[in-house]
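Now for the letters of each chain:
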Amino acid sequence: MILFLFILIPIAGGLLAWISAAWNKTLPRWIALLVMLFELVLAAMLWWQLDDVTRWSSDQWIDTFQRPWMPRFGISFSLAMDGLSLLMLVLTFFLGTLSVLVSWNEIKERSGFFHFNLLFVLGGITGVFLTMDLFLFYFFWEVMLIPMYFLIGIWGHANRTYAAFKFFIFTQAGGLLMLLAILGLYFVHAHSTGVFTFSYFELLDTPMEQNVGRWLMLGFLIAFIVKLPAFPFHTWLPDAHTEAPTAGSVILAGLLLKTGAYGILRFVIPLFPEASHFFAPWIMLLGAIGILYGGKLAYAQTDLKRLVAYTSVSHMGFVLLGAFAFNALAWQGVVMQMITHGISTGALFMIAGSLYERLHTRELGKMGGLWPAIPRMGVVSMVFVMASLGLPGLGNFVAEFLILVGSWQAQPVLTIAATIGLVVATVYSLRIMQKIFFGTSQREYKLPDLSFREGLMMAPLVIAIIWLGVYPQPVINAVKPTIPAVVQAPPVQPVPIAIHPTK
């Protein structure tokens, strides 16, 4: 029942926040904050109770919830939680709480409808991380889309309408491909077994022809790498980030992108192991290109939010590289990358929002020399810039180290290319500090430093990124039982990638 409540509470809270705006304009903020804090405490207590190696290794599934929905079509309201789902829920409620706080003073108009959309998108994300019925999964996948469209389109910046449409079209097109693939898998399973079902557990190991499996796998994969986003499907992301309000950017970077990575780990590889092995070298190549190309574009940006957006393209390339390396180390690194990227990039978007509130610009050329004026914000920025470049002692280093060690066993050449991406990350990360906090001051700034509310948001983010850097074992313990058998099989021999066909 607790799994159902994880989804129901934010959706009900969103409706209450919307209605309460008619009585008091500050009530929606407090309702949204209390809802997210309650969910966070609930998920953290669950993790705390299970943070023991013996408990984790006893069973993959922590809890399940199933009720018939449309039995005639094999559709059920099926939810389940394992270590991977639990980690994603803790991240969702943690960043959800901070998203409410970061929009506390930014959103002044239609706050009830804003917090309704904020909680509704978080409810949809929670559903994506918990559902075990593919029809229900598609339902929650689409539920995430509409409130995010409103968040960008109503409360965004000058070019918000264009960015919202672009975000909607890209993700909707990917979603429709996934729907076709889900229906294809549904009928293939029925043809082989005589049972019509959307149950994830029953669709595992569905017998199918090799070519059919590969086409169906591509339908799922394209939807997920559009949302990730991976090269060359990344072009919606910089526009969406640039135009979204700060809370929208935090949810986009910290959570929506992670639903794409989660889909690859939960559905693509376990449902289509043969096709995943077949396409693995090419997908890892896309990941390596994304790491380098995203890094190059990040360096070229003059807008702070666009710069941080392109770093996400680069960092998410590591997810593709690790997920298709087919070994446990890389798999654990991918989950670490999902969490640490959510924390570090979410923090950088919050800092970009705070700077915009003070300077009314995101142009790097109009900043410079801000350290003496806002030293505490400079220190916090330094921590997350160092995390972004993968400094040892911070969570991102552990994630990328595990991925590179794991991917080396599958594709050494691509691993070397990805390692070069770390050098590129160092260059664009240090450029952030140089352009904003060091260098020549454009004018005599008299700016307020971190406020109490901003300090309250940044402190847990700093603690989390350092904790994951020095003691990542609780995350690794939670991930271990979730690694599917296909990944724990003997290492796959490197498959050479031929650029030109050979006879």
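Residues numbered from 1 in each chain as written. Predicted model: local features only at pLDDT ≥ 70, side-chain atom pairs only at ≥ 80, totals over all residues. Heavy atoms only, no water.

Q: Explanation requested: the packing of helix α10 (residues 236-243) against helix α13 (residues 304-323) in the structure shown.
A: Between two packed helices, the angle of one axis relative to the other and the distance separating the axes together describe the packing. Viewed as axis vectors pointing N to C, α10 and α13 meet at an angle of 140 degrees, and their least axial separation amounts to 9 Å. By the angle class used here, α10 and α13 are oblique. The crossing of α10 and α13 is right-handed. Between α10 and α13, the contacting residues are L237, P238, D239, H241 and T242 on the first element and K305, R306, A309, Y310, S312 and V313 on the second. Among the residues forming the contact of α10 with α13, the class breakdown is 5 nonpolar, 3 polar and 3 charged. (Axes fitted to C-alpha atoms, helices over the stretch in contact; angles between N-to-C directions. Helix = DSSP H or I, 4+ residues; strand = E, 2+ residues; numbered from the N terminus. Parallel < 35°, antiparallel > 145°, perpendicular 65-115°, else oblique. Left-handed = near helix turned anticlockwise from the far one by under 90°. Contact = heavy atoms within 4.5 Å. Nonpolar A, V, L, I, M, F, W, Y, C, P; charged D, E, K, R; others polar.)

Q: Would you mind showing me how to read the pattern of salt bridges here?
A: Where charged atoms of side chains with opposite charge meet at close range, the side chains can pair. Enumeration over the complete set of coordinates arrives at 7 salt bridges. With a closest N to O distance of 3.2 Å, D239 and R306 form a salt bridge. Pair noted here: D239 is in helix α10 and R306 is in helix α13, with a separation of 67 residues, a long-range link. A salt bridge links D449 to R376; the nearest nitrogen and oxygen atoms lie 4.0 Å apart. Linking D449 in the loop between α17 (412-436) and α18 (452-470) with R376 in helix α15 (residues 375-389), this pair joins segments that are 73 residues apart in sequence. Given the relative accessible area of 13%, D449 is considered buried. Overlapping salt bridges, with partners in common, bring together K166, D239 and R306 in one network. (Salt bridge = Lys/Arg side-chain N within 4 Å of Asp/Glu carboxyl O. Buried < 20%, exposed > 50% of the residue type's maximum accessible area, 1.4 Å probe, protein only.)

Q: In this structure, what is going on with the side chain of N327? I would like to understand it.
A: Structurally, the position occupied by N327 is in the loop between α13 and α14 (328-359). With relative accessibility at 8%, the residue N327 sits in the buried group. Polar contacts involving the side chain of N327 include one to the main-chain amide nitrogen of A330, which spans 3.0 Å. Excluding anything up to four places from it in sequence, N327 contacts G406, S407, Q409 and V487. (Polar contact = N/O pair within 3.5 Å; in protein donor to acceptor, adjacent residues only side chain to side chain.)

Q: I keep staring at the pairing of strand β1 (residues 63-70) and nothing clicks. Help me out?
A: Regular strands place side chains that alternate from one sheet face to the opposite one. Two strands pair when backbone bridges link them, and β1 and strand β2 (residues 75-81) are joined in this way by 7 bridges, in the antiparallel orientation. Its bridge partner lying in β2, R67 is registered against F77. Remark: 4 residues form the turn of the hairpin made by β1 and β2, two consecutive strands paired antiparallel; G74 in that turn has positive phi of roughly 75 degrees. (Pairing = 2+ DSSP bridges.)

Q: Teacher, can you tell me more about a nonpolar patch on the surface here?
A: Among the surface-exposed residues, L292, W408, I416 and I420 lie close enough to one another that they form a single nonpolar patch of about 380 Å² accessible area. Residue position: L292 is located in helix α12 (residues 273-300). (Patch = residues over 30% accessible without salt bridge, like charges linked within 9 Å, V, L, I, M, F, W, Y side chains within 5 Å. Areas by Shrake-Rupley, 256 points an atom, 1.4 Å probe, with all protein chains shown as cover.)

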